[in-house]
Amino acid sequence: MNTKTTRQQKKEHTKAALIKTAYEIFSEKGIQSTRMSDIAAAANVSHGTVFLHFNTQEAFIAEVVQYYCNQIAMRTHELSDSCSTLKEMLSAHLDGIAEYEPFYTRLVIENRMLPPEARDAFITVQSAISFHFSKALEKEGISSIPAGILFNMWMGLVHYYLSNGDLFAPEGNVIRRYKDTLTEAFLSLLEKEKKPLHDR
């Protein structure tokens, strides 16, 4: 039985619409450069309505980032759970990012300027990826380099391409264009670590 009043349902609908609208504008314009009035106008509500749902601009940003970072983390888990090799896991990771690439790229670029709660949410996404990455490394038997270092190398490579997407993929699809290149390049480095020293 649905006990929510029409007013409560309308309030929830408005809040959800604001979060979705913010996601779309943040993805296009950036988080720090977007005004709350821009989001209100795009969502067809008054500026004051935004602050009926969120006490501050920082709280609004944090909730939007938390919501979509949770979506990305869940999608990463979903895609990675069935992976049996590191190559499949890396590919799944990139597929998960690709679905949210413009927004994820903004997080990469603006991470250090985000409210603490939003930064924590972004770290949660990295944790989700790290979990599957470590499991894949174990299956591959790669232990000569600490898993944390290898994970940071992979993330650094991916984030470098995303944060410089205007150079690497002016049309706006870094992952689609470089997915195979990034995966193969990283795996080729690991293959060298697998070989005995006398074979290198």
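Structural data are supplied above this passage.
Remember, predicted model here, so these are calculated numbers, not experimental data. (Residues numbered from 1 in each chain as written. Predicted model: local features only at pLDDT ≥ 70, side-chain atom pairs only at ≥ 80, totals over all residues. Heavy atoms only, no water.)

Caption draft 1: How the structure looks around the pattern of salt bridges. The tally for this structure, following the rule as stated, stands at eight salt bridges. For the salt bridge of Glu78 with Arg75, the shortest nitrogen-to-oxygen distance reads 2.3 Å. With a gap of three residues between them, Glu78 and Arg75 both fall in helix H4 (residues 57-80), about one helical turn apart. Since its relative accessible area comes to 54%, Glu78 is described here as exposed. Judged by its relative accessible area of 22%, Arg75 is partly exposed. Glu171 is the salt-bridge partner of Arg177, the closest N and O atoms lying 3.5 Å from each other. Salt bridges here are not isolated pairs; linked through shared partners, they connect Arg75, Glu78 and Glu99. (Salt bridge = Lys/Arg side-chain N within 4 Å of Asp/Glu carboxyl O. Helix = DSSP H or I, 4+ residues; strand = E, 2+ residues; numbered from the N terminus. Buried < 20%, exposed > 50% of the residue type's maximum accessible area, 1.4 Å probe, protein only.)

Caption draft 2: Structural context of the packing of helix H6 (residues 101-110) against helix H7 (residues 116-140). Packing of H6 against H7 brings their axes to within 11 Å, and their N-to-C directions diverge by 110°. In terms of orientation, H6 lies roughly perpendicular with respect to H7. Considering only the axes of H6 and H7, their crossing is left-handed. Residues Tyr104, Leu107 and Val108 of H6 lie in contact with H7, whose contacting residues are Phe122, Val125 and Gln126. Residues that form the contact of H6 with H7 fall into these classes: five nonpolar, one polar and no charged. (Axes fitted to C-alpha atoms, helices over the stretch in contact; angles between N-to-C directions. Parallel < 35°, antiparallel > 145°, perpendicular 65-115°, else oblique. Left-handed = near helix turned anticlockwise from the far one by under 90°. Contact = heavy atoms within 4.5 Å. Nonpolar A, V, L, I, M, F, W, Y, C, P; charged D, E, K, R; others polar.)

Caption draft 3: Spotlight on the packing of helix H5 (residues 86-98) against helix H8 (residues 147-163). One way to put it is that H5 packs onto H8 with a least axis distance of 13 Å and a crossing angle of 35°. With respect to the hand of their crossing, H5 and H8 are arranged in right-handed fashion. Contacts from Leu90, His93, Leu94 and Ile97 of H5 reach H8 at Trp154, Met155, Val158 and Leu162. Class assignment of the residues belonging to the contact of H5 with H8 gives a composition of seven nonpolar, one polar and no charged.

Caption draft 4: Summary view of helix H1 (residues 6-29). The terminal C-alpha atoms of H1, which comprises 24 residues, lie 34 Å apart, in line with the 34 Å expected from a rise of 1.5 Å per residue. Residues of H1 that are buried: Thr14, Leu18, Ile19, Thr21, Ala22, Tyr23, Ile25, Phe26 and Ser27. Considering only its buried residues, H1 is in contact with helix H2 (36-42), helix H3 (47-53), H4 and H6. Gly30 lies just past H1 and shows a positive phi near 105°. (Expected span 1.5 Å × (residues − 1).)

Caption draft 5: Molecular detail of a nonpolar patch on the surface. Side chains of Ile149, Met153 and Leu189 sit close together on the surface and give an oily, nonpolar patch of about 260 Å² of accessible area. Along the chain, Ile149 falls in helix H8. (Patch = residues over 30% accessible without salt bridge, like charges linked within 9 Å, V, L, I, M, F, W, Y side chains within 5 Å. Areas by Shrake-Rupley, 256 points an atom, 1.4 Å probe, with all protein chains shown as cover.)

Caption draft 6: Region of interest: the packing of aromatic side chains. What the rule picks out here adds up to 15 aromatic pairs. For the ring pair Phe133 and Phe186, a centre distance of 6.1 Å and an interplane angle of 55° mean the geometry is tilted. In this pair, Phe133 is assigned in helix H7 and Phe186 in helix H10 (residues 174-194), connecting sequence segments 53 residues apart. In this pair, the class of Phe133 matches that of Phe186, namely buried. (Phe/Tyr/Trp six-rings, centres within 6.5 Å; stacked < 30°, edge-to-face > 60°.)

Caption draft 7: Looking closely at unusual backbone geometry. Within the chain, Asn44 stands out as a residue other than glycine whose phi angle is a positive 60°. The exposed category is assigned to Asn44, whose relative accessible area is 70%.

Caption draft 8: Structural view of the side chain of Gln126. Secondary-structure assignment places Gln126 in helix H7. Of the polar contacts made by the side chain of Gln126, one reaches the backbone oxygen of Phe122; its length is 3.1 Å. In contact with Gln126, not counting residues within four places along its chain, are Tyr104, Phe151, Met155 and His159. (Polar contact = N/O pair within 3.5 Å; in protein donor to acceptor, adjacent residues only side chain to side chain.)

Just distances and angles here, no functional claims.
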